[in-house]
Amino acid sequence: MSHNQSNVIFITGATSGFGRATARRFAREGWSLVLTGRRVERLQELAQELGAQVPVHIAALDVRDAAAVKEVVAALPEGFRRIVALVNNAGLALAPVPSQNAALEDWHTMIDTNVTGLVNVTHAVLPLLIETGAGASIVNIGSVAGEWPYPGGHVYGATKAFVKQFSFNLRCDLISTGVRVTDIEPGMAETEFTLVRTRGNQAASDALYANMTPLSAEDIAEQIHYVATLPAHININRLEIMPARQAWSAFAVHRDT
Ligand SMILES: NC(=O)c1ccc[n+]([C@@H]2O[C@H](COP(=O)([O-])OP(=O)(O)OC[C@H]3O[C@@H](n4cnc5c(N)ncnc54)[C@H](OP(=O)(O)O)[C@@H]3O)[C@@H](O)[C@H]2O)c1
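Everything quoted here is computed from the prediction, not taken from an experiment.

## Here we look at the sheet that holds strand S9 (residues 238-241)
In space, the 7 strands of this open sheet follow the order S3-S2-S1-S4-S5-S6-S9, with parallel pairing throughout. The sheet is open, and its two borders are formed by strand S3 (56-60) and S9, each paired with just one other strand. Geometrically, the sheet is characterised by an average inter-axis angle of 15° between neighbouring strands, direction not taken into account. Across the sheet, helix H5 (residues 154-174) lies against strand S5 (137-141), strand S6 (180-186) and S9, angled at about 165° from S6, the strand it touches most.

This is the structure we're talking about:
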């Protein structure tokens, strides 16, 4: 039995993008997987794919439902309770339009998922991480949108700014527990993210990533693996990652014509 075999990673949003790539990345290293997300068929497919390699526990979960989150964590089978890494990855952007044209419901959905959902899961899993102690990690998926404003970023960017500050504040409280906290802040990455944001507009998604090389889900999974497997005395506070083909832009100035 390899050294890592008893390590458990708990991933939210394991049905797509970064979450699914992270499941595959950690399976390669022999970690036991707790895979959660709303799309059960996808969880089953992934369990089918990785179940021959490592122990896999799947649970249908909408992170917005605090009671369901508590139940899923309470019902973790014995072999899946020694959680060494929690990846708070479930999240989404909606309403790629200016604030003044955005639907209030979309703003609420982003806050409920990216903020409330992340807090729900963190609160429920924290006792298990503290039990694991030194070397355990919470890896929160923030975004460059939490650091850098851009038109149409409105509530999405604000939720990711929350993720960053919550990560830092968690560190302050967890310092004596050995549990580490990292905010990983990706830039443009090609997943289903833009499809979700544009409500299924494949052409818009393709256009966004056209003629440049975006980050891949595997690139981010690699970074998650890196921060969660560093020696226990090291904490990466935040890791901001962009494709080489993405950078900041100039300030906007609105002039009288
Ligand atoms: N792609 C990018 O450019 C980029 C950049 C920076 C940050 N991010 C962040 O990275 C994270 C992952 O996004 P991705 O790019 O991998 O997008 P994705 O391919 O759309 O995956 C998003 C995942 O979140 C899950 N999810 C959404 N709402 C959920 C809910 N209420 N309850 C449980 N799970 C939920 C989805 O699963 P179900 O639909 O099955 O529930 C899916 O597995 C998000 O937090 C996103 O904000 C993405």
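## Focus: the site of the ligand
Of all residues adjacent to the ligand, which total 30 residues, the nearest are Gly13, Gly17, Arg38, Ala90 and Gly91. The set of elements that each furnish at least two residues to the shell around the ligand consists of helix H1 (17-28), helix H4 (104-132) and helix H6 (193-197). Top element by residues in the shell around the ligand is H1. It accounts for 3 residues.

## A closer look at the pairing of strand S1 (residues 8-11)
Along S1, one buried face is formed by Val8 and Phe10 and the opposite face, lined by Ile9 and Ile11, is buried too. As judged from the 4 bridges shared by S1 and strand S2 (residues 32-37), these two strands associate in the parallel manner. Of the residues in S2, the one forming a bridge with Val8 is Ser32. As for the winding sense of the linkage, the β-α-β connection from S1 through H1 to S2 is right-handed. Sheet analysis places S1 next to strand S4 (residues 83-88), joined by 4 bridges and oriented parallel.

## Points about the nonpolar core
Counting residues in each nonpolar core, the largest one holds 63 residues, and the members touching the most others are Ile9, Leu33, Leu35, Ile83, Val125 and Ile220. With 8 residues, the single largest contributor to this core is H4. The residues contacting Val125, other than those within four sequence positions of it, are Phe10, Val73, Ile83 and Leu86.

## Some remarks on the pairing of S2
Regular strands place side chains that alternate from one sheet face to the opposite one. Most of S2 is tucked away: 6 of the 6 residues are buried. Where burial is concerned, the two faces of S2 agree: the one with Ser32, Val34 and Thr36 and the one with Leu33, Leu35 and Gly37 are both buried. Bridging between S2 and S3 involves 5 bridges; their strand directions are parallel. Paired with Gly37 across the bridge in S3 is Ala60.

Definitions and cut-offs
- Residues numbered from 1 in each chain as written.
- Predicted model: local features only at pLDDT ≥ 70, side-chain atom pairs only at ≥ 80, totals over all residues.
- Pairing = 2+ DSSP bridges.
- Helix = DSSP H or I, 4+ residues; strand = E, 2+ residues; numbered from the N terminus.
- Axes fitted to C-alpha atoms, helices over the stretch in contact; angles between N-to-C directions.
- Contact = placed C-beta atoms within 7 Å.
- Near = placed C-beta within 6 Å.
- Buried ≥ 20, exposed ≤ 12 C-beta atoms within 10 Å, placed from the backbone.
- Right-handed = clockwise from strand over helix to strand, strands pointing away.
- Core = buried A, V, L, I, M, F, W, Y, C linked by C-beta atoms within 7 Å.

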